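Geometric and topological summary
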Amino acid sequence: MEELEPSELGSQDYWEGRYAQEIRNFSSHGDPGEIWFGEDIVDRVIRWINNWNLIEKNKKIVDVGCGNGMFLIELANEGYTNLTGVDYSENAIKLATEIAQKQNLNISYYTCDILQGLPENYDIIHDKGTYDAISLSENAKESRAKYSESVYNSLDGDGVFILTSCNWTQDELDNYFNEKFDRLAIIPTPQFKFGGKVGNVVTSCVYKKKS
Ligand SMILES: C[S@@+](CC[C@H](N)C(=O)[O-])C[C@H]1O[C@@H](n2cnc3c(N)ncnc32)[C@H](O)[C@@H]1O
């Protein structure tokens, strides 16, 4: 699989600077910042989680590369109680913590580089846009391999890994994660038609660990 052209979105400095600005925006006019790929995707993923997991609101869920934490806020509003957000940007964690505190929501946040692994195991590992950012880093090939290993090591045997990407197609994701994971589901995302072909702007896939 060919690597993507590296871009600033693949560097930690870029995210620190961006979230520093978003902290200022949040303090001055309460704007929590960007919801990557739109609210519709968040709603679709949460609907999928609710259907997969009909009753247990205490499933242990981590959002890797959580940014401003808006995905976790939505889960908290749905009644989920065991929520963690990690990001390698300290400013992202500061912003997410401030937003959750303002809404009196109990979400745990800490700074962590997913490539170094997570310290605990989870029932649901969620990623929206973080694998994409990692794929745009200078040493993407090595980083993508570390990412896959970290997710594998921290996913509970019965757990699910939900990945939303705008850089990779469903086939590309399946091919890449196939070694360690089986695809359990595709979460439908809005489609577009171009030149008679139907494509997706954003892809959401759900994987389980191979046993
Ligand atoms: C496109 S943003 C998506 C943010 C958030 N998931 C959302 O959907 O709003 C990518 C995020 O990944 C984080 N990130 C990139 N590489 C990371 C890594 N190695 N470990 C943890 N977070 C990382 C960035 O700091 C940024 O918050």
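Residues numbered from 1 in each chain as written. Predicted model: local features only at pLDDT ≥ 70, side-chain atom pairs only at ≥ 80, totals over all residues. Heavy atoms only, no water.

**A closer look at the packing of helix α2 (residues 39–52) against helix α3 (residues 70–77)**
α3 packs onto α2 with a crossing angle of 45° between their chain directions and a minimal axis gap of 11 Å. Taken together, the axis directions place α2 and α3 in an arrangement best described as oblique. Of the two possible hands of crossing, α2 and α3 adopt the one that is right-handed. Along the contact surface, α2 presents V42, V45, I46 and I49, while α3 presents F71, E74 and L75. (Axes fitted to C-alpha atoms, helices over the stretch in contact; angles between N-to-C directions. Helix = DSSP H or I, 4+ residues; strand = E, 2+ residues; numbered from the N terminus. Parallel < 35°, antiparallel > 145°, perpendicular 65-115°, else oblique. Left-handed = near helix turned anticlockwise from the far one by under 90°. Contact = heavy atoms within 4.5 Å.)

**Section: the pairing of strand β4 (residues 122–128)**
When you tally the buried positions in β4, you get six out of seven residues, the bulk of the element. Both strand β1 (residues 61–64) and β4 contribute to a ladder of three bridges, which runs parallel. Looking at the pairing, I61 lines up with I124 of β4. Relative to strand β5 (residues 155–165), β4 is paired through six bridges, and the arrangement is parallel. Counted as the bridge partner of K128 is T164 from β5. (Buried < 20%, exposed > 50% of the residue type's maximum accessible area, 1.4 Å probe, protein only. Pairing = 2+ DSSP bridges.)

**Notes on the environment of S150**
Locating S150 in the fold gives a position in helix α6 (residues 140–154). Counting along the chain gives 34 residues from S150 to Q116, while the straight-line C-alpha distance between them is 7.2 Å. Not counting chain neighbours up to four residues away, the residues in contact with S150 comprise I114, L115, Q116 and G117.

**Overview of the pattern of salt bridges**
As enumerated under the stated definition, the model contains 10 salt bridges in all. The residue R18 makes a salt bridge to E22 at a minimum N-O spacing of 3.5 Å. Of this pair, R18 and E22 both sit in helix α1 (residues 12–29), four residues apart, which is roughly one turn of the helix. By relative accessible area, E22 is classed as buried at 9%. Salt bridges linked by common partners bring R18, E22 and E34 together as one network. (Salt bridge = Lys/Arg side-chain N within 4 Å of Asp/Glu carboxyl O.)

**Details of the site of the ligand**
Around the ligand, 17 residues are found, and the nearest of them are Y19, G65, D87, D113 and K128. Within the contact set of the ligand, a nitrogen atom lies 2.7 Å away from a backbone nitrogen or oxygen of G65. The separation between a nitrogen atom of the ligand and a polar side-chain atom of D113 is 2.8 Å. For the ligand, the cavity whose grid points lie within 2 Å of the majority of its atoms is the largest pocket. Those elements that place two or more of their residues in the shell around the ligand are α1 and α5 (130–135). Taken together, the residues of the shell around the ligand break down into nine nonpolar, five polar and three charged. (Near = heavy atom within 4 Å. Polar contact = N/O pair within 3.5 Å; in protein donor to acceptor, adjacent residues only side chain to side chain. 1 Å grid on protein atoms, 1.4 Å probe; cavity = no way out; pocket = protein on both sides within 12 Å on 5 of 7 lines; lining within 4 Å. Sits in = over half its atoms within 2 Å of the grid points. Nonpolar A, V, L, I, M, F, W, Y, C, P; charged D, E, K, R; others polar.)

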